[in-house]
Amino acid sequence: MSESILFDILQKSKENKQIISIWKYSDDEGFWAGYIKDFNDELVVIQHYTKYGKSDGIIIEKIEEIQSIDFDDDYAKTLKYIIENSSLIDKEDEFEIKLSDNENWQEEVLKQVEGKKEIIVSVEINGSDSYSGFIVIVSESDFIINCVGKFGEDEGKVIYKIEDVTSVRVNNIEDRKRRLLYNWRKASL
């Protein structure tokens, strides 16, 4: 087998089940994340995982098709934590939204999650941009959301007008993942 830095990285991933991200030539769809199960001079066998930490089968690829490999980065550490705790993401907490005939439904819905640090919501603004986080405070005209990034990063507080809210999502899988990572990051500070 050839000696190279690439093969050293593949070997470490195989021996330690170290999470790596593999980027292919001519693949605009992204990358594969997981660990190496086996490899030789020609082929690599990857145990692939979804962004929610679920095993997503085995990929066999030619080594010559690998453009680059990310390793020992924040994404790898984050995905490792998600894999180890994916059952927590699966668990959808019971939460019921109560609706009335009030025309100001946005305020009504956001008031029900106001101040709840255990619930991350996604709020769509003007039918296009969506922001996820904890609803801090709600008034008749506006609200503050403490935004949480897709890897659980605290992105700070933002104020929006209530009338600009076009949709609210509560307790979806992406936001459960964000909450898991947010709590993990806060605990490790």
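Residues numbered from 1 in each chain as written. Predicted model: local features only at pLDDT ≥ 70, side-chain atom pairs only at ≥ 80, totals over all residues. Heavy atoms only, no water.

Comments concerning the overall build of the protein
The helix and strand inventory of the protein stands at five helices and 10 strands. For the protein, whose C-alpha radius of gyration is 21 Å, the value lies well above the compact-globule estimate of 16 Å for 189 residues. Summarising its shape, the C-alpha atoms of the protein cover approximately 70 × 35 × 25 Å along the three principal directions. Considering the protein as a whole, with its 189 residues, one finds that 42% of them fall into the buried category. Sequence separation of at least 24 residues holds for 49% of the intrachain contacts in the protein that already meet a minimum separation of 6. Taken as a whole, the protein presents about 11000 Å² of accessible surface, with 47% of it coming from carbon and sulfur. Computing the positive centroid from 25 side-chain charges and the negative centroid from 40, the protein places the two 5 Å apart. (Helix = DSSP H or I, 4+ residues; strand = E, 2+ residues; numbered from the N terminus. Rg over C-alpha atoms; globule rule 2.2 N^0.38 Å. Buried < 20%, exposed > 50% of the residue type's maximum accessible area, 1.4 Å probe, protein only. Contact = heavy atoms within 4.5 Å. Areas by Shrake-Rupley, 256 points an atom, 1.4 Å probe, with all protein chains shown as cover. Lys, Arg positive; Asp, Glu negative; His and termini not counted. Charge placed at Lys NZ, Arg CZ, Asp CG, Glu CD.)

Here's the deal with the side chain of Asp175
Considering the arrangement of structural elements, one finds Asp175 in helix α5 (residues 173-187). Among residues more than four places away in sequence, those in contact with Asp175 are Ile120, Val121, Ser122, Ser132 and Arg169.

Here's the deal with the packing of helix α2 (residues 74-84) against α5
Their axes nearest at 11 Å, the elements α2 and α5 cross at an angle of 110°. Comparing the axis directions of α2 and α5 gives the class roughly perpendicular. Residues Asp74, Lys77, Thr78, Tyr81 and Ile82 of α2 form the contact with α5, whose participating residues are Lys177, Leu180, Leu181, Trp184 and Arg185. (Axes fitted to C-alpha atoms, helices over the stretch in contact; angles between N-to-C directions. Parallel < 35°, antiparallel > 145°, perpendicular 65-115°, else oblique.)

As for unusual backbone geometry
Of note, the phi angle at Lys17 is positive, near 50°, even though the residue is not glycine. Positionally, Lys17 belongs in the loop between α1 (5-16) and β1 (20-24). Look at Lys17 and you get exposed, because its relative accessible area is 52%.

Overview of the packing of aromatic side chains
Counting across every chain of the model gives nine aromatic pairs. Through a chain of ring-to-ring contacts, the aromatic side chains of Trp23, Phe31, Tyr75 and Phe151 assemble into a single cluster. If you follow Lys117 out to its NZ or CZ, it ends over the ring of Phe134, 4.5 Å from the centre. (Phe/Tyr/Trp six-rings, centres within 6.5 Å; stacked < 30°, edge-to-face > 60°. Lys NZ or Arg CZ within 6 Å of the ring centre and 35° of its normal.)

Considering the sheet that holds strand β9 (residues 154-161)
Strands sit in the order β9-β8-β7-β6-β10 across an open sheet of five strands; the sheet is antiparallel. Looking at the sheet topology across the chains shown, the edges are occupied by β9 and β10 (165-170). Pairs of neighbouring strands in the sheet enclose a mean axial angle of 40°, with direction left out of account. Note: strand β6 (residues 121-125) against β10, five bridges, orientation antiparallel. (Pairing = 2+ DSSP bridges.)

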